[in-house]
Amino acid sequence: MLPTVASHQALAPVDAPLSPELAASILRALEAGATENTRRAYRADWAHYSTWCTGQRRRALPAAPETLAAYVVALEAEGFAVSTIRRRVATVSKAHGSQTPNQPNPSRSELVRGVVRGVVRQRAEGFGQGATPILPAHVRGMVAGAAGEGVRATRDRALVLFLLASGVRRSELVALEVADLDWSDPRGVVVLIRRSKTDQTGHGREVSVSRGHGPTCPVRALRDYLDAAAIEGGPVFRAINQHGHVNDRAMTGAGVAYVVKRAAESAGMDASQVRPHGFRAGHVSARRAAGEDAAAVMD
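What you see is a predicted model, and the numbers here were worked out from it, not measured in a lab.

Asks: Explain helix H3 (residues 65-77) here, please?
Replies: An α-helical turn contains 3.6 residues, so any two residues separated by three or four positions project in the same direction. Helix length check: H3 (13 residues) gives 18 Å between terminal C-alpha atoms against 18 Å at 1.5 Å per residue, within 8%. The buried fraction of H3 is high, at 10 of 13 residues. Along H3, the residues classified as buried are Glu66, Thr67, Leu68, Ala69, Ala70, Tyr71, Val72, Ala74, Leu75 and Glu76. Within two residues after H3, Gly79 carries a phi angle of roughly 85°, on the positive side.

Asks: Hey, could you run me through the nonpolar core in this one?
Replies: One recurring pattern in soluble globular proteins is that nonpolar side chains are buried together. Residues Met142, Leu159, Phe162, Tyr225, Val236, Phe237 and Phe279 are the most contacted members of the largest nonpolar core, which totals 44 residues. If one sorts the elements of this core by residue count, helix H7 (residues 151-166) sits on top with 8 residues. Not counting the four nearest positions on each side in its chain, Phe162 is found in contact with Gly167, Val168, Leu173, Leu176, Val191, Val209, Pro218, Leu222 and Phe237. Leu61, Tyr71, Leu111 and Val119 belong to the second largest nonpolar core, which has 25 residues in total.

Asks: Help me understand the packing of aromatic side chains in this model?
Replies: Aromatic ring pairs are defined here through the distance separating the ring centres and the angle between the ring planes. In the structure shown here, the tally under the stated rule is 5 aromatic pairs. Ring geometry for Tyr49 against Tyr71: centres 5.2 Å apart, planes inclined by 75°, an arrangement best described as edge-to-face. In this pair, Tyr49 sits in helix H2 (residues 36-56) while Tyr71 sits in helix H3, placing the two residues 22 residues apart along the sequence. Here a set of aromatic residues connected by ring pairs shows up, and it is made of Trp46, Tyr49, Trp52 and Tyr71. The ring of Trp183 has Arg223 lying over it, and the distance from NZ or CZ to the ring centre is 4.8 Å.

Asks: Would you explain the environment of Asp156 in this entry?
Replies: Here Asp156 is to be found in helix H7. As a C-alpha pair, Asp156 and Val256 span 100 residues in sequence and 9.1 Å in three-dimensional space. Ignoring any residue separated from it by four or fewer positions in sequence, one finds Asp156 in contact with Val259 and Arg262.

Asks: Looking at this structure, how should I read the sheet that holds strand S2 (residues 188-193)?
Replies: Pairing between sheet strands relies on hydrogen bonds along the backbone, with the strands arranged either parallel or antiparallel. A sheet is described by the order of its strands in space; here 3 strands give the open sequence S1-S2-S3, paired in antiparallel fashion. Where the open sheet ends on each side, the last strands, each with one partner, are strand S1 (181-182) and strand S3 (205-210). Of the pairings in the sheet, the one linking S1 to S2 comprises 2 bridges and is antiparallel in character. Among the inter-strand pairings, Asp182 is bridged to a residue of S2, identified as Val190. Here helix H9 (residues 218-228) sits on the sheet and contacts S1, S2 and S3; the angle it forms with S3, its principal contact strand, is near 100°.

Asks: Which parts of the structure should I look at to understand the environment of Glu206?
Replies: Looking at the element boundaries, Glu206 is found in strand S3. Sequence spacing of Glu206 and Asp180 is 26 residues, and the spatial spacing of their C-alpha atoms is 9.3 Å. Not counting chain neighbours up to four residues away, the residues in contact with Glu206 comprise Val190, Val191 and Leu192.

About the thresholds
Within each chain, residues carry numbers counting from 1 in the order of the written sequence. Local features in this predicted model are restricted to residues of pLDDT 70 or higher, and side-chain atom pairs are both shown and tallied only at a pLDDT of 80 or more, whereas totals for entire chains, interfaces and linings draw on every residue. To get the side-chain values, all heavy atoms of the structure are used, and hydrogens and water are removed first. A helix here means a DSSP run of H or I that spans at least four residues, while a strand means a run of E at least two residues long, and both kinds are numbered starting from the N terminus. In this scheme, a helix's expected span is set at 1.5 Å multiplied by one less than its residue total. Relative accessibility thresholds used throughout: buried, under 20% of the residue-type maximum; exposed, over 50%; partly exposed, between the two (1.4 Å probe, protein chains only). In these notes, a set of buried Ala, Val, Leu, Ile, Met, Phe, Trp, Tyr and Cys residues joined through side-chain atoms within 4.5 Å is what counts as a nonpolar core. Every residue pair with non-hydrogen atoms within 4.5 Å of one another is taken to be in contact. Note on aromatic contacts: the rings of Phe and Tyr and the six-membered ring of Trp form a pair at centre separations within 6.5 Å, being stacked when their planes are under 30 degrees apart, edge-to-face when over 60 apart, and tilted otherwise. In this scheme, Lys NZ or Arg CZ marks a charge over a ring once it lies within 6 Å of the ring centre and within 35 degrees of the ring normal. Note: two strands are recorded as paired if DSSP finds a minimum of 2 bridges between them. Axes here mean lines fitted to C-alpha atoms, for a helix over just the part in contact, with angles spanning 0 to 180 degrees between N-to-C directions.

Treat this as a map of the structure, not an account of what it does.
What follows is the structure, encoded as structure tokens:
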């Protein structure tokens, strides 16, 4: 059952709608440095939240935790996806961080976090068909299951470790070229994502993949794979046949999914519930568990 916010209704602050000047300032702060798709999402999220607050006669900013918690409950009641609910909470959090940095951020309150956890738990119990988040513990099992000396095993270990450590999409993974890897940072490797689902104009963005320890270090695994496959240019993750011949062309998205499911089976997981997108979900979950702010992770 979701934590109740009904008992807090009378405590919620009541105020007039935001002034046009403040509303414009919020949007400028939200959109700074974001891609066009992200800016559209910010605008839509903030418009929905502020309109809801006006209709409920609640102050949008600064908001009390009870206000944001009630908004989450309203989103859940309307059937919004968990990803949308989390994104909207992150948008509200970023607005508070930019406009009222010296006041408590409602998204960090135990009330709001408890309500969001309740939504996630209810959806997980009621709708079990989504991709399973692939967490570090899962990947350790996958790496152990993919033990072997062949180039395919070396590639598969690098692939599953890199997916979790980078949080990139499958389409971004197969598009990587050796020229997109910058090895000059002693802390790891910096990866240039030239084009993605949210960057159709090709401005690009950089993703840092940090070194780990032992057999689960994604940077070492990637280096070992490139050396074993004698890859010095062109696509990074390539198709490899059963005889160990490394193709000149990149893997397909279906090929990545096959490797992921095979690694999941070797780790004793239910492969039918494992998809490449689960690594992206696991990447976010791991960063949130480490205490990173939701808005920072979304950015």
